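Listed below, chain by chain, are the residues.
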Amino acid sequence: MIKIEEQKHILDILKKVMDALQKKDYIKIKNLSNQFVHHSSVHQDADVISIAVIIYSLSKMLEREDYKKEKDWKAFYSSYLTTIKRMIKALEKKDDKAFHLEIEANRRLLEKLSGSLKSNMKDVLNRAKINKASRIYEHGISMGKTAKILGITLWELAEYSGRTGVGNVNLGVTMELKDRIKLAEEIFK
Amino acid sequence: MKYLIFDAGPLINFSMNGLLDSLERLKENFKGEFLITKEVKEEIIDHPKTVKRFQLGAIRLEQLFNKGVFKLADLNTEEVDELKRLRDTYMQQANSMFKTKKKPVHLLDKGECAVLALSTIMKRKCKEDVPIVIDERTTRIIIENPQNLKKLMEKKLHAKINAKTETYDLFKGFKIIRSTELAYIIHKKDLFKIKHPKAFEAIVYGLKFKGTSISEKEVQALSKM
């Protein structure tokens, strides 16, 4: 169950997402999804993490014009937005169960798709998961824990996080390189 | 007999970079065993074998496992039970080490904690430190400088973190190297097949880009060693 203060926070962000959608401010939508990362890192709540993924995916879907030419796109997009609007309503009524059911409904939208739109949307969602996972790892949660929270493999996370600046953070340097080399040399002498 | 324990990350990293043959040659040079836990085997072979994108990498690792290049530790029933108990203790302690105003932050998972537990048991059995190869940042910082992790989390979360500092000692003393230091040894022993003046630097970058937590400054320094 999501706590009241978190519900307020999620509601606030979802409303901002709908507002940004009307203004076609897709970058803002992406940034809004990042606001969930702090919460996700601490609470590791499946629903909160799902919302971060749903919003980030939305921003990625809207960036690409070619998806919009697919025949089922309009119906899919409309249903996607409907689930978000219903999440807002559920949160306004403080109806935790209805909120959770809408997250499930959003997840099931993929199952109704077929062909290239299905594989493209699946890809968008998976990339969104990896992106969020990488952010959570940056916040200090281990790779194994993060992969589990997001339901992705360590292979996917290692590949993605290696391209980010995680290794360059000064606080991550915990031993002089020469000392670690010395240790490695001792192991293999 | 000497032992070196591998977390999942370094083996995945060597596989993704096409460097497993060099690991095999390094094992031939090592007067001991490369060990993994059941949890690591699941993460590097059993599960990815069912994911098309990572199937090839997992099969390559399985071949090395079948050849005995790395193996599951030979533990009796009591030691297996002890490993599970220790794993759960490490997990419980790590996951209550830091608290925000609201709740404790769960930092480590079973896989990482099982590696620590195995190192503890093997150290007792062979009466010397049993080092671990680990690429991911969090476990390494908890072991070597947990205060840095606290600072990092406070910076990232924009929140005060309360640390249960008495748990720090539980994680002290593990010896950690990363894939990049392993690559350094392979390079110095001339066990990489690829011969090119820039090859070692390229390998270190390859490892960094597939998950080794190493800074740019360290990469530069290592490449010149």
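Located above this text is the structure these notes cover.
Keep in mind that this is a model prediction, so the values were computed, not measured.

Peer 1: Looking at this model, I keep getting lost on the sheet that holds strand β7 (residues 176-177) of chain B. Mind explaining?
Peer 2: Residue and element names in this part refer to chain B. With respect to topology, five strands assemble into an open sheet ordered β3-β2-β1-β5-β7, the strand pairing being parallel. Of all the strands in the sheet, the pair left with one neighbour each is β3 (70-72) and β7. As judged from the two bridges shared by strand β1 (residues 2-6) and strand β5 (residues 132-133), these two strands associate in the parallel manner. Considered in β5, the bridge of I5 is made with I132.

Peer 1: It is not clear to me how the interface of chain B and chain A should be interpreted in this structure. Could you clarify?
Peer 2: Many authors give the size of an interface as the accessible area that is lost as the parts come together. On the chain A side, the residues contacting the 59 residues of chain B number 38 residues. Elements with a contribution of two residues or more to the side of chain B that touches chain A: α1 (8-16), α4 (52-67), α6 (110-126), α7 (137-144), α8 (146-157), α9 (179-188), α10 (199-209) and α11 (216-224) of chain B. Residue contributions to the side of chain B that touches chain A peak at seven residues, all from α8(B). Broken down by class, the residue content of the side of chain B that touches chain A amounts to 26 nonpolar, 16 polar and 17 charged.

Peer 1: In this structure, what is going on with the pairing of β1(B)? I would like to understand it.
Peer 2: Within a regular strand, side chains alternate between the sheet's two faces. Residue and element names in this part refer to chain B. Summarising burial for β1: four of the five residues are buried, a large majority. Sheet topology places β1 next to strand β2 (residues 32-36); four bridges connect them, and they run parallel. Each residue of the ladder has a partner; that of K2, found in β2, is G32.

Peer 1: Is there a simple way to explain unusual backbone geometry in this structure?
Peer 2: Backbone phi values are negative for most residues with the exception of glycine, while trans is the configuration of most peptide bonds. All names here are of chain B. The backbone of K127 sits at a positive phi, close to 60°, despite the residue not being glycine. With respect to the helices and strands, the residue K127 is situated in the loop between α6 and β5. Given 6 C-beta atoms within 10 Å, K127 falls into the exposed group. Positioned with a positive phi, H158 is a non-glycine residue whose angle comes to about 50°.

Rules used throughout
- Residues numbered from 1 in each chain as written.
- Chains lettered and ligands numbered in written order.
- Predicted model: local features only at pLDDT ≥ 70, side-chain atom pairs only at ≥ 80, totals over all residues.
- Pairing = 2+ DSSP bridges.
- Helix = DSSP H or I, 4+ residues; strand = E, 2+ residues; numbered from the N terminus.
- Contact = placed C-beta atoms within 7 Å.
- Nonpolar A, V, L, I, M, F, W, Y, C, P; charged D, E, K, R; others polar.
- Buried ≥ 20, exposed ≤ 12 C-beta atoms within 10 Å, placed from the backbone.

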